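Coordinate analysis (summary)
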Amino acid sequence: MQRRAIGRSNLKIAPLVLGGNVFGWTADRDASFRTLDAFFDAGFDAVDTADVYSNWVPGHRGGESETVIGEWLRARGQRDRVALFSKVGAKTAEGGSGLSADHIVRSLEQSLRRLNTDYVDLYQAHTDDTKTPLDETLVAFDRLIAAGKVRVIGASHYGAPRLIEASNVSAINGVARYNSLQPRYNLHDRAEFEGAVQKACVALDIGALAYSALAKGFLTGKFRSGPDSAGSPYEERHNAYRDARGVRILSAMDQVGQAHDATPAEIALAWLVAQPGVAAAITAFDTPEQLQEVIGFTRLTLTPAEIDSLNAAGALETAP
């Protein structure tokens, strides 16, 4: 399986990253362990989490996902096989947030304890913090890299101007640079990444790690009607995706899938990783069976005509 470097770093990963937001939430400890085992047994190598996952669930404080992953790492004893990603900056249960040097250092130590490790492979700014100078943030990250606690740094939800500014600050100060960006990006959600952000990623050699790669499961083709989504935690989101453009996307994926004997999810992921600037797709699975429905995408090569047809189906509508 071909692995791609994240930006200019020497960290290379497979084209699918396991989203860890469901661990300790919709996937309990045992289900999470089974999914993690199946993912790495299939030849993939990276799992993405954050210090605040899953604080949106009543009764959760955040850190549940990291804790489950840490227990799995301790049980399996295969840290060297895993590219481990986490994030800092979103508001924690203790009230801390942002990208000040103190908060970054304190949050990393807490994440490392939960993850049962002494380093993370990719540490990411979860959201932009305009109140903290970029040089303070990047110098703090650089010191963590020098200390061996972080290998590579990245960002999430940064606009193009801030990505460019951050790159310049890193160059001026001679400190670590953002090598990755996490945008919400898939065949339906295209506005956040396509355009200025994508151009900046390509120009700066920043690898995009596209999260919500299957649009909360909509692009699996399993949620084509309202009753299909009943009871799903993403029911409201599915209803929004099920617009005229969503119907066109599903139809186009069905047609391309027939030519490759592939599932809609495999077509959606093959399209995604073929986009300029995209290093990998991030998606979560509650069970190993869900994973099995997508792993064939790594063997697919879509033709230019197929990519064009999918682009056209999911094209964002513009005002006349």
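All of the points below concern the structure found in this document. Since we're looking at a predicted model, the values are computed, not measured.

What counts and what doesn't
Residues numbered from 1 in each chain as written. Predicted model: local features only at pLDDT ≥ 70, side-chain atom pairs only at ≥ 80, totals over all residues. Heavy atoms only, no water. Helix = DSSP H or I, 4+ residues; strand = E, 2+ residues; numbered from the N terminus. Rg over C-alpha atoms; globule rule 2.2 N^0.38 Å. Buried < 20%, exposed > 50% of the residue type's maximum accessible area, 1.4 Å probe, protein only. Contact = heavy atoms within 4.5 Å. Areas by Shrake-Rupley, 256 points an atom, 1.4 Å probe, with all protein chains shown as cover. Lys, Arg positive; Asp, Glu negative; His and termini not counted. Charge placed at Lys NZ, Arg CZ, Asp CG, Glu CD. Pairing = 2+ DSSP bridges. Right-handed = clockwise from strand over helix to strand, strands pointing away. Polar contact = N/O pair within 3.5 Å; in protein donor to acceptor, adjacent residues only side chain to side chain.

This paragraph deals with the overall build of the protein chain. In terms of regular secondary structure, the protein chain is built from 12 helices and 10 strands. Over its C-alpha trace the protein chain gives a radius of gyration of 19 Å, about what one expects of a compact globule, namely 20 Å for 320 residues. Overall, the protein chain is about 50 × 45 × 35 Å in size when its C-alpha atoms are taken along their principal axes. A burial count over the protein chain gives 56% of its 320 residues as buried. Taking the contacts inside the protein chain whose residues are at least 6 apart along the sequence as the reference set, 78% of them involve residues at least 24 apart. Accessible surface computed for the protein chain: about 13,400 Å², of which carbon and sulfur atoms make up 49%. On the protein chain, the mean spot of the 33 positive side-chain charges and the mean spot of the 39 negative ones are 3 Å from each other.

So, about the pairing of strand β9 (residues 207-210). By the alternation rule, side chains of β9 split into Gly 207 and Leu 209 and Ala 208 and Ala 210, which are all buried. Where strand β8 (residues 178-182) and β9 come together, 2 bridges link them in parallel fashion. Considered in β9, the bridge of Ser 180 is made with Gly 207. With respect to chirality, the unit in which β8 leads through helix α6 (residues 196-204) into the neighbouring parallel β9 is right-handed. Relative to strand β10 (residues 278-283), β9 is paired through 3 bridges, and the arrangement is parallel. What sits directly across from Leu 209, in β10, is Ala 280.

Mapped onto the secondary structure, Arg 245 falls in helix α9 (residues 244-260). In terms of polar contacts, Arg 245 uses its side chain to reach the backbone carbonyl oxygen of His 188, at 2.9 Å. When near neighbours in sequence (up to four residues on either side) are disregarded, Arg 245 contacts Leu 187, His 188, Arg 190, Ala 313, Gly 314, Ala 315 and Leu 316.

Time to look at unusual backbone geometry. The peptide bond linking Tyr 53 to Ser 54 adopts the cis configuration, its omega dihedral lying at 5°. With respect to the helices, strands and loops of the structure, Ser 54 is situated in the loop between β4 (46-48) and α2 (64-76). A positive phi angle, close to 60°, is found at His 157, a residue other than glycine. When you line up the elements, His 157 lands in the loop between β7 (150-156) and α5 (160-173). The phi dihedral of Asp 261 falls on the positive side, at around 50°, and the residue is not glycine. Take Asp 261: it is sitting in the loop between α9 and α10 (264-273). Residue class for Asp 261 comes out exposed when judged on its relative accessible area of 75%.

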